[in-house]
Amino acid sequence: MEQVRTNTLLKNKTLKATSLRAVAGTALLSAVVGLSACSSPADPDIKARQDIMKSYSDAMGIMGDMVKAPDTFDAAVLKDQTSFLAEASKSPWVHFGNAESIGNSTKAVWSDNATFVNESEKFQQVTAQLDAVAQTATSVDDFKPAFGDVGASCKSCHTDFKVKTD
Ligand code: HEC
C-alpha cells in the first residue's frame, strides 16, 4: 500500500519537479540540523500526512491555474490531477492514529474523531466525483463546480481540525 502511494506521489511530482526537490531538501536539512520544532517534523506519521497534504495543494494549484485561465484547459493534465487526488484522498488518515503525534492538527481530531472521520469520508467522495466529472470534461466550466466542492471540503476540515499556521 505504502509503495502504491509513493508511486502516485512521485507520478504527480513529475509535473512539479521543483517541489519534489524542495521536499527532499527539507528532509535533508531536518536530518542534518536535527530540526525539532513543536510540530515535530521528525515524527514519521506527522511528516507522512503533511507530505500528502502538500501534494494535495500541488494538485489543487495546477487545477486552480486552469480555472483561472480557461483557455489553458487540458483534459489530460486535468485527469492526471483528479485521479491522483481521488487515490491520494485515501492515504493520510492512517497517519492520524496516535493522539500524541499532534503536529498542526487540533486535539479535535481525536476528541471528536467521528466528525473528523466523516470529513475525511466526505473528502474521498468529492474527489471521486471530481475524477468522474473529469473523464468527460471538455472545458473548465465542466469541472469547476466539482472542483469547488473539493476546495470546500479541504476548508471545512481545516476549520476544525488543523491549527491556523498563517
Ligand atoms: C478530513 C480533514 C482534512 C481534509 C479533507 C484536508 N485536510 Fe489538509 N490538513 C488536515 C490536518 C488535520 C492538517 C494538519 C496535519 C498536521 O500537521 O498534523 C492538514 C494540513 C494541511 C497542510 C499543511 C501541511 C504541512 O506541511 O504542514 C496543507 C497544505 C493541506 N492540509 C492542504 C489540504 C488540501 C489542499 C486539501 C484538499 C484538497 C486538504 N488539505 C484536505 C486535515 C484535512
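These numbers were taken from a predicted model, which means no experiment stands behind them.

1. Concerning the overall build of the chain
No. 1: When helices and strands are counted, the chain shows seven helices and zero strands.
No. 2: For the chain, contacts bridging at least 24 residues in sequence account for 72% of all contacts bridging at least 6.

2. A short note on the nonpolar core
No. 1: The biggest cluster of nonpolar side chains holds 16 residues, and the ones touching the most others in it are Leu-78, Leu-85, Leu-130 and Phe-143.
No. 2: Elements with a minimum of two residues in this core: α3 (44–68), α4 (75–88), α6 (113–134) and α7 (140–161).
No. 3: For Phe-143, the contacting residues outside a window of four places in its chain are Leu-78, Leu-130, Val-133, Ala-134 and Ala-137.

3. Comments concerning the site of the ligand
No. 1: Surveying the vicinity of the ligand reveals 23 residues, the closest of which are Met-53, Gly-103, Asn-104, Cys-154 and Cys-157.
No. 2: Take the shell around the ligand: its biggest share by element is eight residues, from α3.

4. Notes on the packing of α6 against α7
Two quantities define a packed helix pair, namely the angle between the axes and the distance from one axis to the other.
No. 1: Between α6 and α7, whose axes approach to 9 Å, the crossing angle comes to 165°. Looking at the two axes, α6 sits roughly antiparallel to α7. By crossing handedness, the relation of α6 to α7 is classed as left-handed. Packed against α6, whose contacting residues are Phe-116, Glu-119, Lys-122, Phe-123, Val-126, Thr-127, Gln-129, Leu-130, Val-133 and Ala-134, the element α7 presents Asp-142, Phe-143, Ala-146, Phe-147, Asp-149, Val-150, Ser-153, Ser-156, Cys-157 and Phe-161 at the interface.
No. 2: Here the residues of the contact of α6 with α7 sort into 12 nonpolar, four polar and four charged.

5. Structural notes on the packing of α3 against α7
No. 1: At a closest axis distance of 11 Å, the pairing of α3 and α7 adopts a crossing angle of 140°. Accordingly, the angle class assigned to the pair α3 and α7 is oblique. Handedness of the α3/α7 crossing: left-handed. Contact residues: Met-60, Met-63, Met-66 and Val-67 in α3; Val-140, Lys-144, Phe-147 and Gly-151 in α7.

6. Details of α4
No. 1: Taking 1.5 Å per residue, 14 residues should reach 20 Å; α4 reaches 20 Å between its end C-alpha atoms and fits that length.
No. 2: Turning to α4, its buried residues number three or more, namely Leu-78, Gln-81, Thr-82, Ser-83, Phe-84, Leu-85, Ala-86 and Glu-87.

7. Details of the confidence of the model for the chain
No. 1: Looking at the chain as a whole, its pLDDT mean stands at 84, while 75% of the residues score no less than 70.
No. 2: Contacts for the low-pLDDT stretch residues 1–8, under 50 throughout, to residues beyond four places or in other chains number four contacts.
No. 3: Scored below 50 in pLDDT, residues 13–37 shows 12 contacts in the model against residues more than four places distant or in partner chains.

8. A closer look at the environment of Glu-100
No. 1: By the element assignment, Glu-100 lies in the loop between α4 and α5 (108–111).
No. 2: A residue is classified by how many C-beta atoms lie within 10 Å of it, and Glu-100, with 8 of them, is exposed.
No. 3: For the pair Glu-100 and Trp-110, spaced 10 residues apart in sequence, the C-alpha separation works out to 9.8 Å.

9. Here's the deal with the environment of Val-133
No. 1: Relative to the helices and strands, Val-133 is located in helix α6.
No. 2: Measuring from C-alpha to C-alpha, the distance between Val-133 and Phe-143 comes to 6.2 Å, with 10 residues separating the pair along the chain.
No. 3: Leaving out residues up to four positions away in the same chain, Val-133 has contacts with Asp-142, Phe-143 and Ala-146.

10. Some points on α3
No. 1: Between its first and last C-alpha atoms α3 spans 36 Å; for 25 residues at 1.5 Å apiece the expected length is 36 Å, and the two agree.
No. 2: Where α3 is concerned, the buried positions are Ile-46, Lys-47, Arg-49, Ser-55, Tyr-56, Ala-59, Met-63 and Met-66.

Calculation notes
Residues numbered from 1 in each chain as written. Predicted model: local features only at pLDDT ≥ 70, side-chain atom pairs only at ≥ 80, totals over all residues. Helix = DSSP H or I, 4+ residues; strand = E, 2+ residues; numbered from the N terminus. Contact = placed C-beta atoms within 7 Å. Core = buried A, V, L, I, M, F, W, Y, C linked by C-beta atoms within 7 Å. Buried ≥ 20, exposed ≤ 12 C-beta atoms within 10 Å, placed from the backbone. Near = placed C-beta within 6 Å. Axes fitted to C-alpha atoms, helices over the stretch in contact; angles between N-to-C directions. Parallel < 35°, antiparallel > 145°, perpendicular 65-115°, else oblique. Left-handed = near helix turned anticlockwise from the far one by under 90°. Nonpolar A, V, L, I, M, F, W, Y, C, P; charged D, E, K, R; others polar. Expected span 1.5 Å × (residues − 1). pLDDT = per-residue confidence, 0-100.

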